[in-house]
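Coordinates in review
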Protein chains: 2
Amino acid sequence: MTRERIVGDGRDTAFRRPTINDVAALSGVSKSTVSNVMRQTGSVSDATRRRVVEAVERLGYRPNATARNLVMQRTNLIGVLVGDLANDFNAELVKRIEQHASAAGYTTLVCNTGGHAEREGSRIEALLEQRVDGIALLDFTGDRAVLSQLLGERVPVAMVSCWSEYADCVAVDDMVGVGLAVQHLVELGHRRIAYAVDPLMEATTRHSRAEAFDRVMLRSGLPPRSEWTVLCGTGDDGGDDAAMLELLRGEAPPTAIVAANDHTAIRLMELLEGAGRAVPGDVSLAGIDGIDTAGLSRIALTTVAQPKEELASLGVALLLGRIESGYDAPPQQRRLRPALIVRQSTAPPR
Amino acid sequence: MTRERIVGDGRDTAFRRPTINDVAALSGVSKSTVSNVMRQTGSVSDATRRRVVEAVERLGYRPNATARNLVMQRTNLIGVLVGDLANDFNAELVKRIEQHASAAGYTTLVCNTGGHAEREGSRIEALLEQRVDGIALLDFTGDRAVLSQLLGERVPVAMVSCWSEYADCVAVDDMVGVGLAVQHLVELGHRRIAYAVDPLMEATTRHSRAEAFDRVMLRSGLPPRSEWTVLCGTGDDGGDDAAMLELLRGEAPPTAIVAANDHTAIRLMELLEGAGRAVPGDVSLAGIDGIDTAGLSRIALTTVAQPKEELASLGVALLLGRIESGYDAPPQQRRLRPALIVRQSTAPPR
DNA sequence: GTCGGTTTGTGGAAGGTTCCAATTTCACGG
DNA sequence: CCGTGAAATTGGAACCTTCCACAAACCGAC
């Protein structure tokens, strides 16, 4: 039962975790009975149960999930793929997803892709090798190879706050969200409105919000101008903050900016004020997401808040539903309604 | 090789992932050879290798990590326990830890404990069942039962930004950190300095910073007053924001506050300004951690920044070191030096 | 050809569970 | 005391790998 000592330095003894067989031997029953006791299945007499429980405690036995996973073809693990955990919105979402998942008995594997398709692919590969029961995608680079890799694998996938027609999805209705922001600005009197894109943002959402912006502007009788859609960023991410400043320096510049997400809106707020433009004095600024930081009174960013809690709970529910009741069912897609939160970063134009 | 159809609705066919045996059968070699090809071990002829690789691709074979884990007694999984992922500092740390771990071939299991010892215990239990190779503790409630549970398990543990004499640790030197903050305030002319505690904060760090504060104050010839150490919080977390406001309303109130972390400092900034106290006009405010939000020009919080990148990389290095070169070695403990970042939330007293 | 040595390939055990069919034990009525 | 059905218990197969000792094939030299 115990192995021999391995080395001579006197402190390293072969250490073996107790197995179900050790428990069986100590309590004088078969491993099947121990298994039944541990899982509370089958029928075992009280006396036997007590003896087994005692042996379990004496030995400090803990079932080996690895072995269980192998035989059950089930790991109770779910993977969460996120672009940038340092983005408040993602962090909050992941936190809530982990909570719901663990309440349902699942443990969460988190992978940060940094928005690189290559990394995304390799992390998915790792998740699939670990035989996760399902994957929640919070960010998706949109890389076609990755998508087909995933779809070809028959692994349940739920997209949370992003979108694909082939998988279960839950996301905010971007037409409504962007509409709320634009309408608010229009009501304040703005006519010249620019749109700031975050190059690091998840691809499907990025497109859908950008498209929504154009449609909403048109609907408000304000034909969008393509040069007023600016990719903002520090440079190494493919965006160009200078372009936005340039735009504001031109004649008849935008009097308001809708940013594709709060993270960008707050960066922009820094940028503008650093360049001597007051917010909302010179330019109004609205974001999307509703991160906590936007609510600080010193930031006071007007934003279209996503219902994070519903996003997380519905996302987990969709994923677990697919895991537990079969892979083959038409994808379920849920659109949630966002809510406008008006703060002090927006005001009537000069 | 393929199983029979299962149900009659015509779309659900028993699906089995290909195993190493399927590959072996298709390519006409033994599973051992397939294994050798996959792991690039042993010696296999070019011709055979090609045939195997082709079969692997045809079948879409992916090694089953579950089976491998079982036989290798190794999962290449590490657990990360964090109190609150929605706290910027933690999110950034987790992100970096995940990066380092995955670069080293490990996948990361993230658990959010919410600061509850009970939840902490149950999440650790889950991690141990999954047979993670090691656990990184970013937050530790300090619960003794949990600690002994962990220490009794012979599982490698590294504490990142928290401390225990029994495990590998890497954290900032709190005496130095708090010292920098206090010294800065003293140099500005403050004599009456309060200390704001975050009740949700990780226990060991909370104590060490609180103790450091007292010692540093004493050293500066400013005997700390116990009623000036205030547990700040919304109430449901055990803290009491009102108490801090009360304190400021008294006579000869503190002219400066050191907060145990940036998160609390920023909350306090909101609170104070909401109550009509200007920062830094009426009260100076300094935090600890150096989160990104503190650097926003509208927040401009003076803070003692932790070297996040070193914390993460060293933490992972310590953990992997212990995993890969033996459990029994004296704990390694590393103290890093924090750095003061002076911004606009601190100024000379009135 | 045969011999030694190297390269290449193989079969089977082990790893720790769950599940199921089969067996043993038990309690009770006849 | 036997038979019966239910309750309790058990042994072995299966899950999919890795690893190791061993076998087969091959090669060049004599």
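Per chain, the residues get numbers from 1 upward, laid out in the order the sequence is written. To read the labels, note that chains go from A and ligands from 1, taken in the order they are written. Per-residue local features are limited, in this predicted model, to residues with pLDDT of at least 70; the limit for side-chain atom pairs, both in listing and counting, is 80 or more; totals at the level of whole chains, interfaces and linings are taken over all residues. Hydrogens are left out, water is left out, and the side-chain values use all remaining heavy atoms of the structure.

Observations regarding the sheet that holds strand E8 (residues 256–259) of chain A
Residues and elements named next belong to chain A. Just so we agree on the cut-off: Pairing between strands requires that DSSP locate at least two bridges from one strand to the other. Comment: elements are numbered from the N terminus, with helices defined as DSSP H or I runs of at least four residues and strands as E runs of at least two. Axes here mean lines fitted to C-alpha atoms, for a helix over just the part in contact, with angles spanning 0 to 180 degrees between N-to-C directions. By the convention used here, residues are in contact when the closest approach between their heavy atoms is within 4.5 Å.
Taken together, the six strands give an open sheet; going across it, the order is E7-E6-E8-E9-E10-E12, and neighbouring strands pair in mixed fashion. Only two strands of the sheet have a single partner each, and these edge strands are strand E7 (229–231) and strand E12 (339–341). Sheet twist, expressed as the average angle between the axes of neighbouring strands with direction ignored, equals 20 degrees. Contacts between helix H10 (residues 241–249) and the sheet are confined to strand E6 (193–197), E7 and E8, with E7 contributing the most and set at about 150 degrees to the helix.

A look at the relation of the copies chain B and chain A
The cut-off we apply is this: For this overlay, a least-squares fit was computed on C-alpha atoms, restricted to residues scoring pLDDT of at least 70 in both copies.
Rotating chain B by 180 degrees about the axis while translating it 0.0 Å along that axis superimposes it on chain A, leaving an RMSD of 0.1 Å. What the superposition gives is, in effect, a two-fold axis relating one chain to the other. Of the C-alpha atoms belonging to chain B, the one lying closest to the rotation axis is found on B:Leu109, 2.2 Å away. Of the interface residues in chain B, 100% have counterparts in chain A that sit at the interface too, so the contact is made through matching surfaces.

Considerations on helix H5 (residues 88–103) of chain A
All names here are of chain A. Just so we agree on the cut-off: To estimate how far a helix should reach, multiply one less than its number of residues by 1.5 Å. Each residue gets one of three labels from its accessible area relative to the maximum for its type: buried under 20%, exposed over 50%, partly exposed in between, using a 1.4 Å probe on protein chains only. Under this definition, polar contacts are N or O atom pairs within 3.5 Å; protein pairs additionally need one hydrogen-donor-capable and one acceptor-capable atom, and for neighbouring residues in sequence, both atoms have to be side-chain atoms.
Taking 1.5 Å of rise per residue, 16 residues should cover 22 Å, and H5 covers 23 Å from first to last C-alpha, within 8% of that figure. Within H5, twelve of the 16 residues are buried, which leaves it mostly tucked inside the rest of the structure. Asp88, Phe89, Asn90, Ala91, Glu92, Leu93, Val94, Lys95, Ile97, Glu98, Ala101 and Ser102 are the residues of H5 that are buried. Among the residues of H5, the N-terminal cap falls to Asn87, whose side-chain oxygen and the backbone nitrogen of Phe89 are separated by 2.8 Å. Gly105, located one to two residues past H5, shows a positive phi value of around 90 degrees.

Quick notes on the protein's contact with DNA strand C
Condition: Only heavy atoms are used to decide nearness, and a residue is near a molecule or strand if one of them lies within 4 Å of it. Nonpolar residues are Ala, Val, Leu, Ile, Met, Phe, Trp, Tyr, Cys and Pro. Charged residues are Asp, Glu, Lys and Arg, and all others, Gly as well, are polar.
Within the structure, DNA strand C sits among 28 residues, and A:Ile20, A:Arg39, B:Lys31, B:Ser32 and B:Thr48 are positioned closest to it. The sugar and phosphate moieties of DNA strand C supply 63% of its atoms located within 4 Å of the protein. One of the side-chain nitrogen or oxygen atoms of B:Lys31 is found 2.6 Å away from a base oxygen of DNA strand C. A class-by-class count of the residues in the surface near DNA strand C yields eleven nonpolar, eleven polar and six charged.

Quick notes on the domain arrangement of chain A
Where we set the bar: Marked domain ranges trace back to an automatic or database domain assignment.
Here chain A is partitioned into domain 1 (1–63), domain 2 (76–172 + 309–335) and domain 3 (174–307). One C-alpha centre belongs to domain 1 of chain A, the other to domain 2 of chain A, and the line joining them spans 37 Å.

Things to note about the side chain of B:Glu92
Relative to the helices and strands, B:Glu92 resides in helix H5 (residues 88–103). Within the structure, B:Glu92 has its side chain in polar contact with the side chain of B:Lys308 (distance 3.2 Å). When sequence neighbours within four positions are dropped, the list of residues in contact with B:Glu92 reads A:Ala86, B:Asp292 and B:Lys308.

A short note on the packing of aromatic side chains
Put simply, the test is: Here a Phe, Tyr or Trp ring, Trp counted by its six-membered ring, pairs with any other such ring whose centre lies within 6.5 Å, and the pair is stacked when the planes are under 30 degrees apart, edge-to-face when over 60, and tilted otherwise. Our definition puts a charge over a ring when NZ of Lys or CZ of Arg is within 6 Å of the ring centre and also within 35 degrees of the ring normal.
Tallied over the full model, the rule gives two aromatic pairs over all chains. Geometrically, the ring pair formed by A:Tyr195 and A:Phe213 is stacked, given 4.7 Å between the ring centres and 20 degrees between the ring planes. Taken together, the residues A:Tyr195 in strand E6 and A:Phe213 in helix H9 (residues 203–219) connect sequence positions 18 residues apart. By relative accessible area, A:Tyr195 is classed as buried at 1%. Accessibility expressed as a relative area gives 2% for A:Phe213, which makes it buried. When the ring centre of A:Phe15 is taken as origin, the NZ or CZ atom of B:Arg154, which lies over that ring, is 4.8 Å away.

Some points on the interface of chain B and chain A
Our working rule: Summed over both partners, the accessible area lost on bringing two parts together, with a 1.4 Å probe, is the buried area. Just to be clear on terms, a salt bridge is a Lys or Arg side-chain nitrogen sitting within 4 Å of an Asp or Glu carboxyl oxygen.
Listed per partner, the contact involves 57 residues of chain B and 57 residues of chain A. In total, about 5600 Å² of surface goes out of reach between chain B and chain A, with carbon and sulfur atoms giving 46% of it. When the buried surface of chain B facing chain A is broken down by residue, B:Arg62, B:Arg131 and B:Arg298 rank first, second and third, together holding 16% of it. Its salt-bridge partner being A:Arg298, residue B:Glu273 comes within 2.5 Å of it at the nearest N-O pair. The tally of links between chain B and chain A comes to 34 residue pairs in polar contact (both at pLDDT 80 or more).

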